[in-house]
Amino acid sequence: MIDQLEPAPEKGEYDFYFGPAHPGSGNFGVKLKIEGEKVISARADPGYLHRGFEKLMEYRLPLQNAVLSDRLCILEAMNWNLIHAQAVDQLMHIEVPERAQYIRVIMAELSRIQSHIIWYGVFSLATGFDTGFKIAFGYRDYIMDLFELITGGRVYPAGYLCPGGVRRDFPPNTEQKILSVLDLMEEMVQLEELENPSYLQRTEGIGVLSLEDALRLGATGPVLRASGMASDVRKEEPYEIYDRIDFDVPVKGEGDAYARNRIGIEEMIQSIGIVRQALDELPGGEVRASKFKKPKLATKIPAGEVYVRNEVARGEAGMYMVSNGEKTPYRVKIRGPDFLHMIPVLEFLLKGAEVADIPAIYWSLNICPADMDR
Amino acid sequence: MNIWILPALLRNLFSKPMTVRFPYEAIPIPDDYRGEHIYDIDECISCELCAKICPNRAIEMVEAPEKLKEKYPKKYPQIDLGKCCFCGLCEEICSKDAIKLSGNVFLSTFDKSTTIKHPFSEE
């Protein structure tokens, strides 16, 4: 029997699958060709999480679509709620009350913090730094508790940032609770400075993406900023109340996995500052425009088209919405930042990498298969 | 080794863990949590708004059984918790506050038929 088996070739190409059932990869795979320990070519294998949101949204009212927009990226539902709400607001020419705008920014930034915490956690797990993973997911739960208090759900806010404002006001004493959670987040960011040499060795100089390549392949958000370009939609085209808030855009020039990870942590510090400033200036008043006080089944969206772009935790997100005067949108096109990060950028970075570095490169891009496949 | 790991180490040795021992203790659930529905049939006016706003079409309007038909002649919402996404739009649109989401989150079951909440089950 053994005689019939062909001996393994001493040198040659192998096919190697990373995902889609790998515990660290999410619902996404990469088909790799390797020779020895070197990756010769990589081919992304997307489509395992396609749910067809663009089509589903054509059959639903804006309020129902707000609920649906949670699922665009499970790890940061609130930011996607915001972008959908803004698209509908602009199409329907709705004046959002000031308090609602502040609440929207507070919730979007809290969502960004918890998304970056997940990123830090899974990146630590991928590089074998288990303590970082446990710290991250332990502290993330404090933000989940806040979401539970404010929106009524831990992961899915069910369209909390809805067209016309937000679905309900903060319960009493929420401001103090948010501030105490922010103190805990600052404590966590300090803990994340605890890095050992083996962690640095696994991340420094790995998966280097030059600025030229980043621009050519369409990288945005933290990936582009880690390659040395200060690009942030919140600064370039401020939406909601970002023009009144003072914050920095962290930039690094190295473009390696370590730089991308550091950008995430520095952005968390900036987001904590943004939430503090917004809480300081939080005005009173209504949280929902009068047109959307009570859900109405007969509200029609005026004919027109709009493109909204936002800075979500993973990069630049966009939503193009066309209406021809019906109750439901005629066409919705969603631009997720991860489509470009997970296909061209990942394929480019994996080419020529060592097999042991694949998880570090993969997770340093802050991926989300839900956002890519939609 | 980073020297300031020591205070963090000492603090964590003598502090409570982040987790709770679940079946015996649980984290408190806020009042506004979106859990299982509470339905009051006597408030309901059978307007069907909840069935129309439901994004997942989890609400179906059903007729009362024969013995209750005299008291409840219209159609009433039957909620399929298996389809429900707990968004709370039915609660928001209801003008009579007949439908509300409660803090009950313990909804897992072995029997699939129990996921359907019949409006007359408590009669």
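All figures in this text were calculated on a predicted structure; none of them were measured in a lab.

Peer 1: Looking at this structure, how should I read the pattern of salt bridges?
Peer 2: Here the idea is simple: oppositely charged side chains can pair when their charged atoms come close. Residues and elements named next belong to chain A. For the coordinates displayed, the defined rule picks out 35 salt bridges over all chains. Across the salt bridge formed by Lys38 and Glu354, the nearest N and O atoms sit 2.9 Å from each other. With Lys38 in strand β3 (residues 38-45) and Glu354 in the loop between α12 (338-350) and α13 (358-364), the pair connects residues that are 316 residues apart, well separated along the chain. Among the residues examined, Lys38 registers a relative accessible area of 41% and is labelled partly exposed. With its nearest N and O atoms 3.0 Å apart, the salt bridge here joins Arg276 to Asp183. Note that Arg276 is positioned in helix α11 (residues 257-280) and Asp183 in helix α6 (residues 174-191), a separation of 93 residues in sequence. Residue Arg276 is classed as partly exposed on the basis of its relative accessible area of 25%. A relative accessible area of 43% places Asp183 in the partly exposed class. Connected through shared salt-bridge partners, Glu109, Arg112, Arg225, Asp232, Arg234, Glu267 and Glu311 make up one network.

Peer 1: Please clarify how empty space enclosed by the protein should be interpreted in this entry.
Peer 2: Under the defined criterion, the tally for this structure stands at four cavities of 30 Å³ or more. Lining the largest cavity are 16 residues, with Cys44, Cys47, Cys50, Cys94 and Ala98 of chain B positioned closest to its centre.

Peer 1: Teacher, can you tell me more about the packing of aromatic side chains here?
Peer 2: Geometrically, a pair of aromatic rings is defined through the distance of the ring centres and the angle of the planes. All names here are of chain A. Tallying each qualifying case throughout the model produces nine aromatic pairs over all chains. A centroid spacing of 5.0 Å and a plane angle of 75° characterise the contact between Phe18 and Tyr362, whose relative ring orientation is edge-to-face. On the criterion of sequence distance, the pair formed by Phe18 in strand β1 (residues 13-18) and Tyr362 in helix α13 is long-range, its members being 344 residues apart. Judged by relative accessible area, which is 0%, Tyr362 ranks as buried. For the pair Tyr239 and Tyr242, a centre-to-centre distance of 5.1 Å together with 75° between the ring planes defines the contact as edge-to-face. What makes Tyr242 buried here is its relative accessible area of 2%. Here the aromatic cluster, defined as three or more aromatic residues joined through ring pairs, consists of Phe18, Phe28, Tyr362 and Trp363.

Peer 1: Just checking my understanding: could you explain the packing of helix α3 (residues 77-92) of chain A against helix α4 (residues 98-126) of chain A for this structure?
Peer 2: If you want to describe how two helices pack, look at the angle between their axes and the distance between the axes. Residues and elements named next belong to chain A. Interaxial distance between α3 and α4 falls to 7 Å at its minimum, and their mutual angle equals 145°. In this structure, α3 uses Ala77, Met78, Asn79, Leu82, Ala85, Gln86 and Asp89 to contact α4, whose residues at the interface are Arg104, Met107, Ala108, Ser111 and Arg112. A per-class count over the contact of α3 with α4 returns six nonpolar, three polar and three charged.

Peer 1: Help me understand a negative patch on the surface in this model?
Peer 2: Residues and elements named next belong to chain B. A contiguous patch of negative charge on the surface is contributed by Asp40, Asp42, Glu43 and Asp97. Examined against the element boundaries, Asp97 turns out to sit in the loop between α3 (89-93) and β4 (99-101). A relative accessible area of 46% means that Asp97 is categorised as partly exposed.

Peer 1: What's the story with a nonpolar patch on the surface in this structure? I'm lost.
Peer 2: Together, Leu6, Leu9, Leu10, Leu13 and Phe14 of chain B make up a nonpolar patch on the protein surface, roughly 570 Å² of accessible area in all. Here Leu10 of chain B lies in helix α1 (residues 5-13).

Peer 1: Which parts of the structure should I look at to understand the interface of chain A and chain B?
Peer 2: Interface size is commonly expressed as the accessible surface area that is lost when the partners come together. Opposite the 29 residues of chain A that make contact, chain B presents 25 residues. Here chain A meets chain B over a buried area of about 2,300 Å², counting both sides, of which 59% is carbon and sulfur. Linking chain A with chain B are three salt bridges. Two residues, Glu187 of chain A and Arg11 of chain B, come together in a salt bridge whose shortest N-O distance is 3.9 Å. Linking chain A with chain B are eleven residue pairs in polar contact (both at pLDDT 80 or more), by the criterion used here. Breaking the side of chain A that touches chain B down by element, the ones donating at least two residues are α2 (62-69), α5 (130-151) and α6 of chain A. The leading source of residues in the side of chain A that touches chain B is α5 of chain A, at seven residues.

Peer 1: In this structure, what is going on with the sheet that holds strand β5 (residues 116-117) of chain B? I would like to understand it.
Peer 2: Two strands in a sheet stick together by hydrogen bonds in their backbones, pointing the same way (parallel) or opposite ways (antiparallel). All names here are of chain B. On the basis of which strands lie adjacent, the open sheet formed by three strands has the order β2-β3-β5 and antiparallel pairing. Here the strands that pair on one side only, and so sit at the sheet edges, are β2 (59-63) and β5. Here strand β3 (residues 75-80) runs beside β5; their pairing, made up of two bridges, is antiparallel. What sits directly across from Asp80, in β5, is Ile116.

Peer 1: How should unusual backbone geometry be read in this particular structure?
Peer 2: Leave glycine aside and you will find that most residues have negative phi; peptide bonds, for their part, are mostly trans. Located in the positive-phi region is Asn173 of chain A, a residue other than glycine, with phi close to 65°. Within the element layout of this structure, Asn173 of chain A appears in the loop between α5 and α6. Backbone geometry at Ser46 of chain B places phi at a positive 55°, although glycine is not the residue there. Mapped onto the fold, Ser46 of chain B is located in the loop between β1 (37-39) and α2 (49-53). Take Ser46 of chain B: its relative accessible area is 16%, and that puts it in the buried class.

Peer 1: I'm lost on the sheet that holds β1 of chain A in this one. Help?
Peer 2: Residue and element names in this part refer to chain A. Strand order in the open sheet formed by three strands is β1-β2-β3, and the pairing between neighbours is antiparallel. Looking at strand neighbours, the two that pair on one side only are β1 and β3, the edges of this open sheet. Here the average twist between neighbouring strands, direction ignored, is 20°. Note: strand β2 (residues 29-35) against β3, seven bridges, orientation antiparallel. Paired with Gly29 across the two strands is Asp45, which belongs to β3. In the packing of α12 onto the sheet, the strands contacted are β2 and β3, and the crossing angle to β3 comes to about 170°.

Basis of the calculations
- Residues numbered from 1 in each chain as written.
- Chains lettered and ligands numbered in written order.
- Predicted model: local features only at pLDDT ≥ 70, side-chain atom pairs only at ≥ 80, totals over all residues.
- Heavy atoms only, no water.
- Salt bridge = Lys/Arg side-chain N within 4 Å of Asp/Glu carboxyl O.
- Helix = DSSP H or I, 4+ residues; strand = E, 2+ residues; numbered from the N terminus.
- Buried < 20%, exposed > 50% of the residue type's maximum accessible area, 1.4 Å probe, protein only.
- 1 Å grid on protein atoms, 1.4 Å probe; cavity = no way out; pocket = protein on both sides within 12 Å on 5 of 7 lines; lining within 4 Å.
- Points joined across faces, edges and corners; volume = space filled by probe spheres on them.
- Phe/Tyr/Trp six-rings, centres within 6.5 Å; stacked < 30°, edge-to-face > 60°.
- Axes fitted to C-alpha atoms, helices over the stretch in contact; angles between N-to-C directions.
- Contact = heavy atoms within 4.5 Å.
- Nonpolar A, V, L, I, M, F, W, Y, C, P; charged D, E, K, R; others polar.
- Patch = residues over 30% accessible without salt bridge, like charges linked within 9 Å, V, L, I, M, F, W, Y side chains within 5 Å.
- Areas by Shrake-Rupley, 256 points an atom, 1.4 Å probe, with all protein chains shown as cover.
- Lys, Arg positive; Asp, Glu negative; His and termini not counted.
- Charge placed at Lys NZ, Arg CZ, Asp CG, Glu CD.
- Buried area = accessible area lost by both parts, 1.4 Å probe.
- Polar contact = N/O pair within 3.5 Å; in protein donor to acceptor, adjacent residues only side chain to side chain.
- Pairing = 2+ DSSP bridges.

Honestly, that's just the spatial picture; any functional story needs more than this.
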